[in-house]
Amino acid sequence: MKKLTLISGLALSLLASSSLFAAEKTLRIGIEAAYPPFASKNDKGEIVGFDYDIGNALCAQMQVKCVWNEVEFDGLIPSLKVKKIDAALSSMTITDERKKSVDFTHKYYFTSSRLIMKKGAEVDDQYASLKGKTVGVQRATTTDRYATEVLEPKGIIIKRYSNNEEIYMDLASGRVDAIFADTIPLDDFLSMPRGAAYAFVGPELKDPKYVGEGAGIAVRKGNGELVTQLNSAIDAIRANGEYQKIQSKYFKSDIYGD
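Residue numbers restart at each chain and count upward from 1, following the sequence in its written direction. Under the rules for a predicted model, residues below a pLDDT of 70 receive no local features and side-chain atom pairs below 80 are neither given nor counted, while totals for whole chains, interfaces and linings still include all residues. Values reported for side chains reflect all heavy atoms of the structure, with hydrogen atoms and water molecules removed beforehand.

### As for the pairing of strand β1 (residues 26–31)
Our working rule: At least two bridges found by DSSP between two strands is the condition for calling them paired. Strands are runs of DSSP state E lasting at least 2 residues, helices are runs of H or I lasting at least 4, and numbering of each runs from the N terminus.
Summarising the sheet, β1 and strand β4 (residues 65–70) pair through six bridges and their orientation is parallel. Bridging across to β4, L27 finds its partner in C66. Relative to strand β5 (residues 87–93), β1 runs parallel, the two being bridged by two bridges. For G30, the partnering residue across the bridge sits in β5 and is A88.

What follows is the structure, given as structure tokens:
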């Protein structure tokens, strides 16, 4: 009888544990882990960076479990559409074009876009001196769109890549003459030994048509409840100081913007 009671108790305990696990809320987040300082891999193969830390802080605020999924940047929106992920938190600029495919939270940071080339190079506001030169951009980004609509028609050769790390390697080897990308990650690159020979050139792009409203978290169309929860969580971590604590790990200045 005691053995039967023990077995029954164990079964009930396991059932309760299973029910709790099943009831635990999760949020599947897509991220491109090749975009330092926002997301990259450390020596142990773990994802680190501002986007990753912000995501974990938001999940803690929402009392859900973060489940991270590595996805190349141009695969994030398709992954949302086929329900492989619930949200894309990967420095995705909020633009009218993307709003046709996904819904966004409000911004969680803002950045302009710029060119970098070898120190000593000069580029005028109309990019005339870049004619015939090769500029690297990340595929399916706002800088890719600007390069397609503005730079290519000026006779500038555009070479597209899956991520910035690939462009940095080709810049070092001379396969591209310049990189056009978001200012914040480029500033991080220039602060490292591998970026010591390069500098910002030309105008800073702040046109809302291309740089949008800032970086937001993308979710599937019509998921207003999740957008509301994420917006409330973003506001909460900015109010309680957690956002500023994370930001100070990676940046010397406020990247949230006005």
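Further notes follow.
### Quick notes on the confidence of the model for the protein chain
Short version of the rule: How sure the predictor is of each residue is captured by pLDDT, a score from 0 to 100. When checking whether two residues touch, look at their non-hydrogen atoms; a contact exists if any pair is within 4.5 Å.
Mean pLDDT over the protein chain stands at 92; residues scoring 70 or higher make up 91%. Between residues 1–23, whose pLDDT stays under 50, and residues either more than four places distant or in other chains, the model counts zero contacts.

### What to know about the sheet that holds strand β10 (residues 178–182)
The pairing of strands in a sheet comes from backbone hydrogen bonds and takes either a parallel or an antiparallel form. For clarity, the threshold we go by: Where helices are involved, their axes are fitted lines through C-alpha atoms of the stretch in contact, as for all axes, and angles between N-to-C directions lie from 0 to 180°.
The mixed open sheet is built from five strands, whose spatial order is β9-β8-β10-β7-β11. Strands with a single pairing partner mark the edges of an open sheet, and in this sheet they are β9 (157–161) and β11 (198–205). The mean angle between the axes of side-by-side strands here comes to 30°, regardless of whether they run parallel or antiparallel. Sheet topology note: the strand β7 (residues 113–118)/β10 ladder contains four bridges and is antiparallel. Paired with S113 across the strands is D182, a residue of β10. This element, helix α5 (residues 142–151), spans β7, β8 (134–138), β9, β10 and β11 of the sheet and lies at about 125° to β10.

### Here's the deal with the nonpolar core
As a reminder, the rule being used: Definition used in this section: a nonpolar core is a set of buried Ala, Val, Leu, Ile, Met, Phe, Trp, Tyr and Cys residues joined via side-chain atoms within 4.5 Å. Partly exposed residues are those whose accessible area sits between 20% and 50% of the maximum for their type, while under 20% is buried and over 50% is exposed, using a 1.4 Å probe and protein chains only.
Residues F50, L58, Y108 and Y109 are the most contacted members of the largest nonpolar core, which totals 36 residues. Sorting the residues of this core by element identifies β1, α2 (50–62), β4, β5, β12 (215–220), α9 (224–239) and α10 (242–250) as the ones contributing at least two each. Sequence-distant contacts of F50, defined by excluding residues within four places in its chain, comprise P37, F38, Y108, Y109, Y243, I246, Q247, Y250, F251 and I255. Counting 18 residues, the second-largest nonpolar core is a separate cluster that includes M117, Y127, V135 and Y210.

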